[in-house]
Amino acid sequence: MTFIMKKHYLCSISLNSQNMGRCEQCIIREFSSLKALTREELLTISDTKTHFLVKKGEVIFSEGDNLNGVYCIKEGFCKLTKLNANGKDSIVKLSKRGDLLGQRSIINEETSNLTATALEDMSICFIPKKEMMEYFTENNKFSLLVTKDICNHLKDSDKGIADHTHKTVKQRLASVLLKLEELGGTNPENKALNIQLSREDLANMVGTATESCIRLLSDMKKESLIQLLGKNIILVNKSELKNLSE
């Protein structure tokens, strides 16, 4: 169990004792492969899982950790990063409410190849490896959905590599901004993206220097494609951003 699990373990027991939600009653499971589990299987998971809170900026697990289960995101967003040859973290993807983290590691019985860090305060459930592997072996529908989920992640990774090869930095920035809205939606009050990335993280996802990312954001603002309110980004002309991204 990683450091953050140990750190939040007492908290997770307290939260569970206050009935923070049973798996068989949780709407979040409908967004992941957990929807394929039977009621009896969900009841077992409810009795063995732990629930904990993660503060913005905290690490959920690190690259190289031995994961003893999977993490189900109930609320919030996190970034998954990998250390590159230059000693810097590259953002591989963002994960949202309903996503499961760590499936591939426990199935392949390998250490985590990514680091997960909270982008905002998060609510997470931890499901032990024993139950997940038992159901992966015995429940064909569940194992199929898990496999499809892993394949979709690989497909997204392939697309990201292709985009970095064939698209300009500005095209990639437009794609990332649209992806952020797709993943996290917008604030109903000011229409700003709910996922707030630092300019450094945004540049990391785009694959450019922070200064270049800031300059391109300023250019997009002048072109009335976006609006900037402090750290908030509002997509003003999504059709043009889509055209640009393609």
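Residues numbered from 1 in each chain as written. Predicted model: local features only at pLDDT ≥ 70, side-chain atom pairs only at ≥ 80, totals over all residues. Heavy atoms only, no water.

- The chain appears in an unreviewed UniProt entry as CRP-like cAMP-binding protein from Myroides indicus.

**Quick notes on unusual backbone geometry**
Argument step 1. Of note, Glu109 is a non-glycine position whose phi angle comes to about 55°, a positive value.
Argument step 2. Tracing the sequence through the fold places Glu109 in the loop between α3 (103-108) and β7 (115-118).
Argument step 3. The phi torsion at Lys191 lies on the positive side, around 70°, for a residue other than glycine.
Argument step 4. Structurally, the position occupied by Lys191 is in the loop between α6 (169-184) and α7 (199-206).
Argument step 5. By relative accessible area, which is 52% here, Lys191 ends up exposed. (Helix = DSSP H or I, 4+ residues; strand = E, 2+ residues; numbered from the N terminus. Buried < 20%, exposed > 50% of the residue type's maximum accessible area, 1.4 Å probe, protein only.)

**Structural notes on the nonpolar core**
Argument step 1. With 33 residues, the main nonpolar core has Leu34, Ile60, Phe61, Tyr71, Leu101, Met122 and Phe142 as its most contacted residues.
Argument step 2. Phe77, Leu119, Leu173 and Leu217 belong to the second-largest nonpolar core, a separate cluster that totals 27 residues. (Core = buried A, V, L, I, M, F, W, Y, C linked by side-chain atoms within 4.5 Å.)

**A look at the sheet that holds β7**
Argument step 1. Reading across from one edge, β2-β7-β4-β5 is the order of the four strands in this open sheet, with antiparallel pairing throughout. Lying at the two open borders of the sheet, with one neighbouring strand each, are β2 (59-61) and β5 (89-95). Between one strand and the next, the sheet's axes are offset by a mean angle of 35°, whatever the strand orientation.
Argument step 2. Here two bridges tie β2 to β7, and the two strands are oriented antiparallel to one another. For Phe61, the partnering residue across the bridge sits in β7 and is Ala116. (Pairing = 2+ DSSP bridges. Axes fitted to C-alpha atoms, helices over the stretch in contact; angles between N-to-C directions.)

**Describing the pattern of salt bridges**
Argument step 1. Taken as a whole and judged by the stated rule, the model has eight salt bridges.
Argument step 2. Among the ionic pairs, Asp201 bridges to Lys79, the shortest N-O distance being 3.0 Å. Of this pair, Asp201 sits in helix α7 while Lys79 sits in strand β4 (residues 78-83); the two residues are 122 residues apart in sequence, bridging distant segments of the chain. Across the pair, exposure class does not vary: Asp201 and Lys79 are buried alike.
Argument step 3. In this structure, Asp99 engages Lys96 in a salt bridge whose closest nitrogen and oxygen atoms are separated by 3.6 Å.
Argument step 4. The class of Lys96 is partly exposed, set by a relative accessible area of 28%. (Salt bridge = Lys/Arg side-chain N within 4 Å of Asp/Glu carboxyl O.)

**Points about the pairing of β5**
Argument step 1. With six bridges joining them, β4 and β5 adopt antiparallel strand pairing. Counterpart to Cys78 in the pairing with β5 is Ser95.
Argument step 2. Count of turn residues in the β4/β5 antiparallel hairpin: five residues, of which Gly87 carries a positive phi of about 85°.

**Quick notes on the environment of Glu75**
Argument step 1. Along the chain, Glu75 falls in strand β3 (residues 69-75).
Argument step 2. Take Glu75: its relative accessible area is 41%, and that puts it in the partly exposed class.
Argument step 3. For the pair formed by Glu75 and Met122, sequence separation is 47 residues and the distance between their alpha carbons is 5.3 Å.
Argument step 4. Ignoring any residue separated from it by four or fewer positions in sequence, one finds Glu75 in contact with Arg97, Asp121, Met122 and Ser123.
Argument step 5. Looking at Glu75, its side chain comes within polar contact range of the side chain of Arg97, at 3.2 Å. (Contact = heavy atoms within 4.5 Å. Polar contact = N/O pair within 3.5 Å; in protein donor to acceptor, adjacent residues only side chain to side chain.)

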